[in-house]
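What follows is the residue order along each chain.
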Amino acid sequence: MDELEKKPDATQEAAEKKPERKNDFDNRRKLMYALCGGYLIYLAIKMGRDYPGLAASGVWSSERIAALCGTIAFSIIGAALLVIVAVRSVREWKQSEKNEREEHTNE
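The following refers to the structure shown.

Cut-offs used in this document
- Residues numbered from 1 in each chain as written.
- Predicted model: local features only at pLDDT ≥ 70, side-chain atom pairs only at ≥ 80, totals over all residues.
- Heavy atoms only, no water.
- Helix = DSSP H or I, 4+ residues; strand = E, 2+ residues; numbered from the N terminus.
- Buried < 20%, exposed > 50% of the residue type's maximum accessible area, 1.4 Å probe, protein only.
- Contact = heavy atoms within 4.5 Å.
- Areas by Shrake-Rupley, 256 points an atom, 1.4 Å probe, with all protein chains shown as cover.
- Expected span 1.5 Å × (residues − 1).
- Polar contact = N/O pair within 3.5 Å; in protein donor to acceptor, adjacent residues only side chain to side chain.
- Patch = residues over 30% accessible without salt bridge, like charges linked within 9 Å, V, L, I, M, F, W, Y side chains within 5 Å.
- Salt bridge = Lys/Arg side-chain N within 4 Å of Asp/Glu carboxyl O.
- Axes fitted to C-alpha atoms, helices over the stretch in contact; angles between N-to-C directions.
- Parallel < 35°, antiparallel > 145°, perpendicular 65-115°, else oblique.
- Left-handed = near helix turned anticlockwise from the far one by under 90°.
- Nonpolar A, V, L, I, M, F, W, Y, C, P; charged D, E, K, R; others polar.

1. Remarks on the overall build of the protein
Broken down by element type, the protein carries four helices and zero strands. Taken from N to C terminus, the helices and strands of the protein fall in the order α-α-α-α. Within the protein, buried positions represent 12% of all 107 residues. When contacts within the protein are restricted to residue pairs at least 6 apart in sequence, long-range pairs at least 24 apart make up 69% of them. Looking at the protein as shown, the accessible area adds up to about 9,300 Å², and 58% of this sits on carbon and sulfur atoms.

2. Some remarks on helix H4 (residues 62-106)
Compared with the 66 Å implied by 1.5 Å per residue over 45 residues, the 66 Å span of H4 between its first and last C-alpha is a close match. Among the residues making up H4, those that are buried are Gly70, Thr71, Gly78, Leu81 and Val85. Where H4 is buried, its residues contact helix H2 (27-48) and helix H3 (51-57).

3. Details of the environment of threonine 105
Considering the arrangement of structural elements, one finds threonine 105 in helix H4. Among the polar contacts listed, one links the side chain of threonine 105 to the backbone oxygen of glutamate 102, at a separation of 2.9 Å.

4. Some points on a nonpolar patch on the surface
Together, Leu31, Met32 and Leu35 give the surface a local cluster of nonpolar side chains, amounting to about 310 Å² of exposed area. Turning to its location among the elements, leucine 31 is positioned in helix H2.

5. Quick notes on the packing of H2 against H4
At their nearest, the axes of H2 and H4 sit 8 Å apart, and the two run at 150° to each other. With respect to each other, H2 and H4 are oriented roughly antiparallel. Along this stretch, H2 crosses H4, giving a crossing that reads as left-handed. For the contact of H2 with H4, the residue count by class is 16 nonpolar, eight polar and two charged.

6. Here we look at the pattern of salt bridges
All told, the structure shown has two salt bridges when counted by the stated rule. Salt-bridge contacts for aspartate 26 lead to arginine 28; the nearest nitrogen and oxygen are separated by 3.3 Å. Put simply, lysine 30 and glutamate 92 hold a salt bridge, and the shortest N to O gap is 2.8 Å. Here lysine 30 is found in helix H2, whereas its partner glutamate 92 is found in helix H4, with 62 residues between them in sequence. Lysine 30 sits in the buried class, given a relative accessible area of 14%. By relative accessible area, glutamate 92 is classed as partly exposed at 31%.

Put into structure tokens, the structure is as follows:
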């Protein structure tokens, strides 16, 4: 083979053969979001359990304030992850139901 002869570009061929990836929310991602969201909620509850007693006694240090901020952040992020999973699951369920109804009407 001559060095000046053009070789086919392997990356273009691979890109043509590769199916397009959908922007769908696959089951692995749903599972990871749900597990992470649940764990963050669990941590927030565990961290925030002592705060009513500390607030009543007036014992507040910079570490306690940072932990309280972490508790609030974990709660918000964990709840957001769980809501994202729920909303996307409902959307996918409704879309699949709609697709099934369309298939039955077309037959």
